[in-house]
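Listed below, chain by chain, are the residues.
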Amino acid sequence: MNLKGRDFISTQDWSKRELEFALDKAGELKEKFKNGIPHRELPDKTAFLIFFDKSTRTRNSFEAGITQLGGHGHFIEAHTSQIAHGESPKDMGIILSGYGHGIAIRHDLVPGEGNTYMREVAKYASVPVMNMQCDVDHPFQMMADLMTIKEVYGNNLKGKKIAVSWAYAPSYAKPMSVPQGLIMLMTRFGMDVVLAHPPEYTLMDEPLNHARKNAKENGGSFEIVDSMEEAFKDADVVYPKSWGIMSLFGTPEKALEISKKYKRWICDEEKMKLTKPDSIYMHCLPADRGFEVTDEVIDGKHSVIYQEAENRLHTAKAIMAITM
Ligand code: CP
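Calculation rules
Residues numbered from 1 in each chain as written. Predicted model: local features only at pLDDT ≥ 70, side-chain atom pairs only at ≥ 80, totals over all residues. Heavy atoms only, no water. Buried < 20%, exposed > 50% of the residue type's maximum accessible area, 1.4 Å probe, protein only. Helix = DSSP H or I, 4+ residues; strand = E, 2+ residues; numbered from the N terminus. Pairing = 2+ DSSP bridges. Right-handed = clockwise from strand over helix to strand, strands pointing away. Core = buried A, V, L, I, M, F, W, Y, C linked by side-chain atoms within 4.5 Å. Domains from an automatic or database assignment. Contact = heavy atoms within 4.5 Å.

A.B. asks: Help me understand the pairing of strand S6 (residues 192–196) in this model?
C.D. replies: Regular strands place their side chains on alternate faces of the sheet. With respect to burial, S6 is a largely interior element, four of its five residues being buried. Bridge count between strand S5 (residues 161–166) and S6: five bridges; the pairing is parallel. Looking at the pairing, valine 164 lines up with leucine 195 of S6. Of the crossover connections in this fold, the one passing from S5 over helix H6 (residues 177–188) to the parallel S6 is right-handed. Note: S6 against strand S7 (residues 221–225), five bridges, orientation parallel. What sits directly across from valine 194, in S7, is glutamate 223. Taking the sense of rotation as the criterion, the β-α-β connection linking S6, helix H7 (residues 205–218) and S7 turns out right-handed.

This is the structure we're talking about:
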């Protein structure tokens, strides 16, 4: 399969076979990394990494990953580049294509902006454009999550239930792209996906529509409920995390006030008892400990958060290796 030159902006843009090919590649690179086998598949290539927002896992998995592949990651902060003075996505796409071999972008904090921005860069770039998280999807996180779920449960996920639930967090209005990415991708792999949130926390129409269609086409199901407890019942995977209110990203203090009504939306031992005995707890991180989840759960026997975070490296490397 030749995916050289392909953008990776949403998992929806790739066929299931292409996603599975990328996951196989991630598995191969993980094995090589763990055994100290060199895998310099992108010698002397440069990936530009443009960040409009903060990051720990994404930045470091891309930078370490491209280095391990024999190339170089070039970190660009939007606010210290000419983007801050209004330089256009068209110019960024054309100019950076002339300097290197891939452009990855994180632009996730403003609903309606990030995905549009990166698709505009991609329209003009002659190198692959990769989405390091936008307002709609977080496809590299999704690939790491799918890889982790498959490592635990095997390749056939039909009949496995995942609870994607909102949880309370006082730190900041987290993007909606993780729950949106999850409902889009996990329905494609035949899972029974249950989304739970208080009424103010609805997701965007586009990912919701994809989730409904994907579930129909792939033999799984998609349901929305208004209680974390209901979603957790008999779940194989729980993924409780916070996200912001779509219309209030510009007024975080208002959003925070509303969120305080829902402090009971915490993942704790009591709620974990509702899940299957061997269920797994996932979170893309960073988590608000003591709010989104208790220490007992995130550090407990169900938690796979560090395996999940580690898989960010292998999936980032896989997609760069096959597209750049
Ligand atoms: N999960 C995730 O994307 O982490 P960072 O925000 O630290 O990159």
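A.B. asks: For this particular structure, what's the right way to read the nonpolar core?
C.D. replies: In a soluble, globular protein the nonpolar side chains are often hidden away together inside. Among the nonpolar cores identified, the biggest contains 105 residues, and Phe62, Ile103, Val129, Ile149, Met186, Tyr281 and Met320 are the most heavily contacted of them. Of the domains in this structure, domain 1 (11–138 + 312–323) and domain 2 (141–308) are the two that each give at least three residues to this core. Sequence-distant contacts of methionine 186, defined by excluding residues within four places in its chain, comprise Met142, Asp145, Leu146, Ile149, Ile162, Met191 and Val193.

A.B. asks: In this structure, what is going on with the pairing of strand S4 (residues 129–134)? I would like to understand it.
C.D. replies: Among the six residues in S4, six count as buried, and that is most of the element. Relative to S4, strand S3 (residues 102–107) runs parallel, the two being bridged by four bridges. Along S4, the bridge assignment pairs isoleucine 103 with valine 129. Handedness of the S3-helix H4 (residues 114–124)-S4 crossover: right-handed.

These results come straight from atomic positions and should not be treated as a statement about function.
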